[in-house]
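Listed below, chain by chain, are the residues.
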Amino acid sequence: MTFSLKTTLLILLGLLATILAPFGISSKFQLDVLTLIFFTAYIGQSWNILGGYAGQFSFGGVMFFGTGAYTSSILLTSFGVPPIVGIFAAIFMGAFLGLIVGYLSFRSGLRGSYFALITLAFAELLRVLANSVEFTGGGVGLFLTYAPGLHNLQFDSPTGFYYFSLVLLIVSLAIAMWLERSRFGAQLVAIRENEDAAEALGIDTLKCKIYAIMIMGGMGGAAGTFYAQKYLYIDPPISYSVALSVEMLLVTIVGGMGTVFGPLIGSFFLHIVNEIARHFIDTPGVSLIVYGFILILIISFLPNGLVGLFRRTRKKRDDNNA
């Protein structure tokens, strides 16, 4: 993917604006909302690597998030390993779990709904295990000590976590941009469009899909560490929440699967809608109904998400100006 000069300038201005945003925002609530948007866009991008580019839908992406959260938290509470080191262990464990799940699933030829369901089963299995063993804290979970400092990836103000989430987001966008330009990314797209044809062309589909799920796993592991250090508590229902798995794919589908900025746009859109719904309608569960309605509309009328709508609008405008 090649950006025009105008698009490149807009991206740079957007990056500059996000870096300077904390200096112009006095509300901690607004800063927390932006942090949550960036974080959700990041985990959405992790799902986008496998689901959007490779076309392998997963319902259990949260297994990497939970494994990363427990890895860095256990290393900290049991062995005193600071999270700034533990986050790399979390990335490794997430990628390693992706290797195991990917090999077992793809080697068996699982595709489509079968693969989606087996990933959900793996996530549920890990939730049950985390709830049963002692070193994870069982059903009680793990409480982390509040000790602000870069070595603990904890901060005494929302600004620190804002920049932490921004760094994660930038990394995820860089990975997506690399996929857009790389041979590996082209191979994933070929698998998404027609896996049998990709194999006929000599693409090692098994290896490519395993690499994709390993990237997703590593990104999910880092997300788990971020969450654990921000909220200082994890337990099995939080770490392996089905709702988080749904949110990963939801922001990507709404924004635009297989695109660089789709998860970010989808995250902005859904969180803004959620905040508006919570502000004007004080009824529990309404946001879920709104999400469901939006998803139905997107799938029915915008199969390529909001990014597809923007591209279509720009193409019509260019045709009219020609």
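Residues numbered from 1 in each chain as written. Predicted model: local features only at pLDDT ≥ 70, side-chain atom pairs only at ≥ 80, totals over all residues. Heavy atoms only, no water.

Visitor: Is there a simple way to think about the overall build of the protein chain in this case?
Guide: The secondary structure content of the protein chain amounts to 14 helices and two strands. For the protein chain, the C-alpha radius of gyration of 20 Å lies close to 20 Å, the compact-globule estimate for 322 residues. The C-alpha extent of the protein chain, read off along each of the three principal axes, is 65 × 50 × 40 Å. Here the protein chain holds 322 residues, and the buried ones make up 48% of them. By sequence separation, contacts in the protein chain at least 24 residues apart represent 78% of the contacts at least 6 residues apart. Of the roughly 15,900 Å² of accessible surface on the protein chain, a fraction of 68% belongs to carbon and sulfur atoms. Positive and negative side-chain charges of the protein chain, numbering 18 and 16 respectively, have mean locations separated by a distance of 9 Å. (Helix = DSSP H or I, 4+ residues; strand = E, 2+ residues; numbered from the N terminus. Rg over C-alpha atoms; globule rule 2.2 N^0.38 Å. Buried < 20%, exposed > 50% of the residue type's maximum accessible area, 1.4 Å probe, protein only. Contact = heavy atoms within 4.5 Å. Areas by Shrake-Rupley, 256 points an atom, 1.4 Å probe, with all protein chains shown as cover. Lys, Arg positive; Asp, Glu negative; His and termini not counted. Charge placed at Lys NZ, Arg CZ, Asp CG, Glu CD.)

Visitor: I would appreciate a short explanation of the nonpolar core in the present structure.
Guide: Nonpolar side chains tend to gather and get buried jointly when the protein is soluble and globular. Core analysis: the largest hydrophobic core is formed by 80 residues, its most contacted members being L50, M63 and L188. Here this core takes 13 residues from helix α2 (residues 28–53), the largest share from any one element. Excluding its chain neighbours within four sequence positions, the residues that come into contact with M63 are L97, V101, T119, F122, A123, L126 and Y240. (Core = buried A, V, L, I, M, F, W, Y, C linked by side-chain atoms within 4.5 Å.)

Visitor: Would you mind showing me how to read the packing of helix α4 (residues 83–107) against helix α9 (residues 205–231) here?
Guide: For any two helices packed against each other, the geometry is given by the interaxial angle and the distance between the axes. Orientation of α4 relative to α9, taken along the N-to-C sense of each, is 145°, at an axis distance of 6 Å. In the packing of α4 onto α9, the handedness of the crossing is right-handed. (Axes fitted to C-alpha atoms, helices over the stretch in contact; angles between N-to-C directions. Left-handed = near helix turned anticlockwise from the far one by under 90°.)

Visitor: Just to check I follow, could you spell out the pattern of salt bridges for this structure?
Guide: For side chains bearing opposite charge, pairing can occur when the charged atoms are close. Within this structure, the stated rule accounts for six salt bridges. Residue E124 is joined to R127 by a salt bridge in which the shortest nitrogen-to-oxygen separation is 3.1 Å. In this pair, E124 and R127 both sit in helix α5 (residues 112–132), three residues apart, roughly one turn of the helix. Measuring nitrogen to oxygen at the nearest pair gives 2.7 Å for the salt bridge that ties K209 to E195. Residue K209 is found in helix α9, and its partner E195 is found in helix α8 (residues 195–200); the two are separated by 14 residues along the sequence. Each of the two residues, K209 as well as E195, counts as buried. (Salt bridge = Lys/Arg side-chain N within 4 Å of Asp/Glu carboxyl O.)

Visitor: Which parts of the structure should I look at to understand unusual backbone geometry?
Guide: For residues other than glycine, phi is negative in most cases, and the peptide bonds are mostly trans. The phi angle at L153 is positive, at roughly 55°, despite the residue not being glycine. Along the chain, L153 turns up in the loop between β1 (142–143) and α6 (158–181). Residue classification places L153 among the buried residues on the basis of a relative accessible area of 8%. Non-glycine residue L232 carries a positive phi angle of around 60°. Mapping L232 onto the fold places it in the loop between α9 and β2 (233–234).

Visitor: Can you walk me through helix α7 (residues 183–193) in this structure?
Guide: Since one α-helical turn is 3.6 residues long, residues separated by three or four positions face the same way. Buried within α7 are the following residues: F184, G185, Q187, L188 and I191. The buried residues of α7 occupy an angular sector of 160° when the element is viewed end-on, so they sit on one face. Seen from the open side of α7, the exposed residues pointing more than 90 degrees away from its buried face are R183 and E193. Residues of α7 that are buried in the fold lie against α2, α6, α8 and α9. (Arc of directions from axis to C-beta.)

Visitor: Looking at this structure, I do not really get the packing of α6 against α9. What am I missing?
Guide: It is the contact of α6 with α9, at a shortest axis distance of 11 Å, that shows an interaxial angle of 175°. By the criterion of interaxial angle, the relationship of α6 to α9 is roughly antiparallel. Along its contact with α6, which presents F161, F164, S165, L168, S172, I175 and W178, the element α9 presents I215, M219, A222, F226, Q229 and K230. Per-class residue counts for the contact of α6 with α9 are nine nonpolar, three polar and one charged. (Parallel < 35°, antiparallel > 145°, perpendicular 65-115°, else oblique. Nonpolar A, V, L, I, M, F, W, Y, C, P; charged D, E, K, R; others polar.)

Visitor: Can you help me understand the packing of aromatic side chains in this one?
Guide: Each aromatic ring pair is characterised by the separation of its centres together with the angle its planes make. Applying the stated criterion across every chain yields a total of 18 aromatic pairs. With a centroid separation of 6.3 Å and 75° between ring planes, the pair formed by F38 and F268 is classed as edge-to-face. Here F268 lies in helix α12 (residues 262–280) and F38 lies in helix α2, a separation of 230 residues in the sequence. Three or more aromatic residues joined by ring pairs make a cluster, and in this case those are F39, F65, F155, F161, F164, F226, Y227 and Y231. Above the ring of F161, the side-chain terminus of K230 is found at 4.9 Å from the ring centroid. One cation-aromatic arrangement involves K230 over Y231; the distance from NZ or CZ to the ring centre is 5.5 Å. (Phe/Tyr/Trp six-rings, centres within 6.5 Å; stacked < 30°, edge-to-face > 60°. Lys NZ or Arg CZ within 6 Å of the ring centre and 35° of its normal.)

Visitor: Would you mind showing me how to read a nonpolar patch on the surface here?
Guide: On the surface, a cluster of nonpolar side chains totalling about 1,100 Å² of accessible area is made up of L5, L9, L10, L12, L13, L15, L16, I19, L20, F23 and I170. The leading source of residues in the nonpolar patch is helix α1 (residues 5–24), at ten residues. In this structure, L13 sits in helix α1. (Patch = residues over 30% accessible without salt bridge, like charges linked within 9 Å, V, L, I, M, F, W, Y side chains within 5 Å.)

Visitor: What is the right way to look at a positive patch on the surface in this model?
Guide: Positive charge collects at one region of the surface, where K6, R311, R314 and R317 lie side by side. Broken down by element, the positive patch gets its largest block of residues, three residues, from helix α14 (residues 305–321). Note on placement: R311 falls in helix α14. A relative accessible area of 43% means that R311 is categorised as partly exposed.

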